[in-house]
Amino acid sequence: DVKVTQSSRYLVKRTGEKVFLECVQDMDHENMFWYRQDPGLGLRLIYFSYDVKMKEKGDIPEGYSVSREKKERFSLILESASTNQTSMYLCASSLTGGYSPLHFGNGTRLTVT
Amino acid sequence: AQKVTQAQTEISVVEKEDVTLDCVYETRDTTYYLFWYKQPPSGELVFLIRRNSFDEQNEISGRYSWNFQKSTSSFNFTITASQVVDSAVYFCALSEEARAQKLAFGQGTRLTINP
């Protein structure tokens, strides 16, 4: 079974802090994703990585950056957290080759106060 | 731009009832894939099904069935004889050829099955 592990289930941070959300997958998947989930908006793609050190912006990249130094690890960085970044963050991975199902972690609920 | 609409925000039924979750999509591509995911209370989205745009055959898997109709741009999901364990948030998603790795998700439907 594919395992996608997010380092924290819950995080509380203060406005202006730099925040790191970590994600690790154990199935040698090429693709990794960060989504944000908000009520009534579904899941929105923040960033996507298709290889080590490669990344693409998703639909809502503003205020975020990512890092992928190793194939199994994909980090989401909030450079200066703001209250409107309070949300559920979901990491996912998939095989390359288009249309592969995503395998998700169980999410990090981030609260910025 | 691709778009997925799940008009039903919440559905609540009594156990053993049948329930259908609606999904309507918009795309200009002729090649695309549609997905359904289930998010139980634990939070981890679980892949249920993938269907490509050239395959309009309905699919049945146990109590689950999917009805794909290109004429109405819909990909509806039916649970027959619902059970309490079916309670979850269900998401429909679309992947276009031009954005193959980037799924567009609907807003989700929260399904509650009452005993």
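Quantities reported herein were computed from a predicted structural model and do not represent experimental measurements. (Residues numbered from 1 in each chain as written. Chains lettered and ligands numbered in written order. Predicted model: local features only at pLDDT ≥ 70, side-chain atom pairs only at ≥ 80, totals over all residues. Heavy atoms only, no water.)

> When you look at the side chain of Lys38(B) in this model, what are you seeing that I'm missing?
Residues and elements named next belong to chain B. Relative to the helices and strands, Lys38 is located in strand E5 (residues 32-39). Although buried, Lys38 forms no salt bridge, and the nearest oppositely charged side chain, Asp86, lies 4.6 Å from it. Among the polar contacts made by the side chain of Lys38, one reaches the main-chain carbonyl oxygen of Val85 at a distance of 3.1 Å. Contacts of Lys38, omitting those with residues within four sequence positions, involve Glu44, Leu45, Val46, Leu48, Tyr64, Val85, Asp86, Ala88, Val89 and Tyr90. (Helix = DSSP H or I, 4+ residues; strand = E, 2+ residues; numbered from the N terminus. Buried < 20%, exposed > 50% of the residue type's maximum accessible area, 1.4 Å probe, protein only. Lys, Arg positive; Asp, Glu negative; His and termini not counted. Salt bridge = Lys/Arg side-chain N within 4 Å of Asp/Glu carboxyl O. Polar contact = N/O pair within 3.5 Å; in protein donor to acceptor, adjacent residues only side chain to side chain. Contact = heavy atoms within 4.5 Å.)

> So what exactly am I meant to see when it comes to the sheet that holds strand E1 (residues 4-6) of chain A here?
The pairing of strands in a sheet comes from backbone hydrogen bonds and takes either a parallel or an antiparallel form. Residues and elements named next belong to chain A. Spatially, the four strands line up as an open sheet ordered E1-E3-E8-E7, and their pairing is antiparallel. The sheet is open, and its two edges are formed by E1 and strand E7 (64-70), each paired on a single side. Direction aside, the axes of adjacent strands within the sheet are offset by 20 degrees on average. Here five bridges tie E7 to strand E8 (residues 73-78), and the two strands are oriented antiparallel to one another. Opposite Ser65, over in E8, you have Ile77 as the bridge partner. (Pairing = 2+ DSSP bridges. Axes fitted to C-alpha atoms, helices over the stretch in contact; angles between N-to-C directions.)

> I keep staring at the confidence of the model for chain B and nothing clicks. Help me out?
One rule of thumb: low pLDDT means the predicted coordinates there are not for detailed reading. Counting all residues, the mean pLDDT for chain B is 92, and 96% of those residues have values of 70 or more. No element of chain B has a lower mean pLDDT than strand E7 (residues 59-61) of chain B, which averages 89, and none a higher one than strand E3 (residues 19-21) of chain B, which averages 98. (pLDDT = per-residue confidence, 0-100.)

> I tried to follow the pairing of strand E2 (residues 10-14) of chain B on my own but got confused; where do I start?
Side-chain direction in a regular strand flips from residue to residue, so the side chains alternate between the two faces of the sheet. Residues and elements named next belong to chain B. In E2, alternate side chains face the same way, and those of Ile11 and Val13 are buried while those of Glu10, Ser12 and Val14 on the opposite face are not. Sheet analysis places E2 next to strand E12 (residues 109-114), joined by five bridges and oriented parallel. Bridge pairing in E12 links Val14 to Asn114.

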